[in-house]
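Chain and residue survey
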Amino acid sequence: EDKVVQSPLSLVVHEGDTVTLNCSYEVTNFRSLLWYKQEKKAPTFLFMLTSSGIEKKSGRLSSILDKKELFSILNITATQTGDSAVYLCAVGDPNFGNEKLTFGTGTRLTIIP
Amino acid sequence: SQTIHQWPATLVQPVGSPLSLECTVEGTSNPNLYWYRQAAGRGLQLLFYSVGIGQISSEVPQNLSASRPQDRQFILSSKKLLLSDSGFYLCAWSLGQGRKQPQHFGDGTRLSIL
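Residues numbered from 1 in each chain as written. Chains lettered and ligands numbered in written order. Predicted model: local features only at pLDDT ≥ 70, side-chain atom pairs only at ≥ 80, totals over all residues. Heavy atoms only, no water.

1. Overview of the overall build of chain A
Note the cut-off: Elements are defined by DSSP. Helices are runs of H or I of four residues or more, strands are runs of E of two residues or more, and each kind is numbered from the N terminus. Residue exposure (1.4 Å probe, protein chains only): buried if accessible area is under 20% of the type maximum, exposed if over 50%, otherwise partly exposed. The contact definition used throughout considers only heavy atoms, calling two residues in contact when any of these lie within 4.5 Å. Calculation of accessible area relied on Shrake-Rupley with a 1.4 Å probe; when residues are assessed, cover is drawn exclusively from the protein chains displayed. A residue counts as positive if it is Lys or Arg and as negative if it is Asp or Glu; His and the chain ends are not included. One atom stands in for each charge, and that atom is NZ of Lys, CZ of Arg, CG of Asp or CD of Glu.
If you tally the helices and strands in chain A, you get zero helices and eleven strands. Projected onto the principal axes, the alpha-carbon positions of chain A cover approximately 45 × 30 × 20 Å. By residue count, 46% of the 113 residues in chain A fall in the buried class. Contacts in chain A between residues far apart in sequence, at least 24 positions, make up 54% of those at least 6 positions apart. Total accessible area on chain A is roughly 5,400 Å²; 49% of this is exposed by carbon and sulfur atoms. In chain A, 12 positive and 12 negative side-chain charges are present, and the distance between their average locations comes to 5 Å.

2. Re the sheet that holds strand 1 (residues 3-7) of chain B
Backbone hydrogen bonds are what pair the strands of a sheet, in a parallel or an antiparallel way. Residues and elements named next belong to chain B. What counts, and what does not: Here, a strand pair is defined by DSSP locating no fewer than two bridges between the strands. The angle between two axes is taken between their N-to-C directions and runs from 0 to 180 degrees, where each axis is a line fitted to C-alpha atoms and a helix contributes only its stretch in contact.
Taken in spatial order, the four strands of this open sheet run 1-3-8-7, and their pairing is antiparallel. What marks the edges here is a single partner per strand, and that holds for strand 1 and strand 7 (64-70). Averaged over all pairs of adjacent strands, the angle between their axes in this sheet comes to 20 degrees, without regard to strand direction. One ladder, built from five bridges, connects strand 1 with strand 3 (residues 19-26); its direction is antiparallel.

3. Describing unusual backbone geometry
Going from Ser7(A) to Pro8(A), the amide bond is cis rather than trans, its omega being -10 degrees. Notably, Leu70(A) is not glycine yet its phi reads approximately 60 degrees, a positive angle. Of the residues examined, Leu70(A) reaches a relative accessible area of 34% and is grouped as partly exposed. Phi at Asn30(B) is positive, roughly 50 degrees, even though this residue is not glycine. Of note, Asn30(B) is situated in the loop between strand 3 and strand 4 (32-38).

4. Considerations on the packing of aromatic side chains
Centre-to-centre distance and the angle between the planes together describe a pair of aromatic rings. Definition in use: A pair of aromatic rings is counted whenever rings of Phe, Tyr or Trp (Trp by its six-membered ring) have centres within 6.5 Å, and the orientation is called stacked for planes under 30 degrees apart, edge-to-face for over 60 and tilted otherwise. Any Lys NZ or Arg CZ found within 6 Å of a ring centre and within 35 degrees of that ring's normal is scored as a charge over the ring.
If you walk through the whole model with that rule in mind, you get nine aromatic pairs over all chains. Judged by centre distance (5.9 Å) and plane angle (70 degrees), the ring pair of Tyr36(A) and Phe45(A) falls under edge-to-face. Taking the relative accessible area as the measure of exposure, Tyr36(A) reaches 0% and is therefore buried. Judged by relative accessible area, Phe45(A) falls into the partly exposed class, the value being 30%. Aromatic side chains Phe103(A) and Tyr36(B) sit 5.6 Å apart centroid to centroid with 85 degrees between the ring planes, which places their arrangement in the edge-to-face category. Linking Phe103(A) in strand 10 (residues 100-103) with Tyr36(B) in strand 4, this pair reaches from one chain into another. Residue class for Phe103(A) comes out buried when judged on its relative accessible area of 8%. We classify Tyr36(B) as buried; its relative accessible area is 0%. Members of the aromatic cluster, connected to one another through ring pairs, are Tyr36(A), Phe45(A), Phe103(A), Tyr34(B), Tyr36(B) and Phe105(B). Directly above the aromatic system of Phe88(B) lies the positively charged group of Arg110(B), at a separation of 4.3 Å from the ring centroid.

Following this line, the structure appears as structure tokens:
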């Protein structure tokens, strides 16, 4: 059974701190790894990673994938209160339709002003 | 640009009652469509996906069903709800035809069964 494990489960930091969120996976057929941010409702897409060692960056957020060690990290620098959310990691499997996503349970990030 | 609409936002239903949740996508054609459930403290669980009209695949056995009567419409139904059906239901879409594209989610329906 495919498995995605995120750590830590929750994290509380002060505004301005840098955080690193972890995602490890065990899947039969890997295609891609995706990061989402979920505030109150819809998860919003952040990054999709398919190749090892290539960092994806968007503003203060960045992510990288290690396909040999089967993990990814999401970094957020100079955190702001608007970064408070649950961050979800998902791994894609190409063996049906387009993408089957197996999700982790998420990391709840709280930024204290 | 593409948008996804899901309704209702919240729903309270008694055990044994029927269910119908609707999801529509605008701004694209022939999308892949998905229904997920998110239970408290658990990851999103894929329930159904569809790659075209009338084509539905089920991921987990349950008393729920899905239908896709039109290209951009996806419906989640049940004839008789169970207490265990409570949760947060999310619809998602992605570009189809085997392209490696992320899924995009609607705002979800919070379903409480009494």
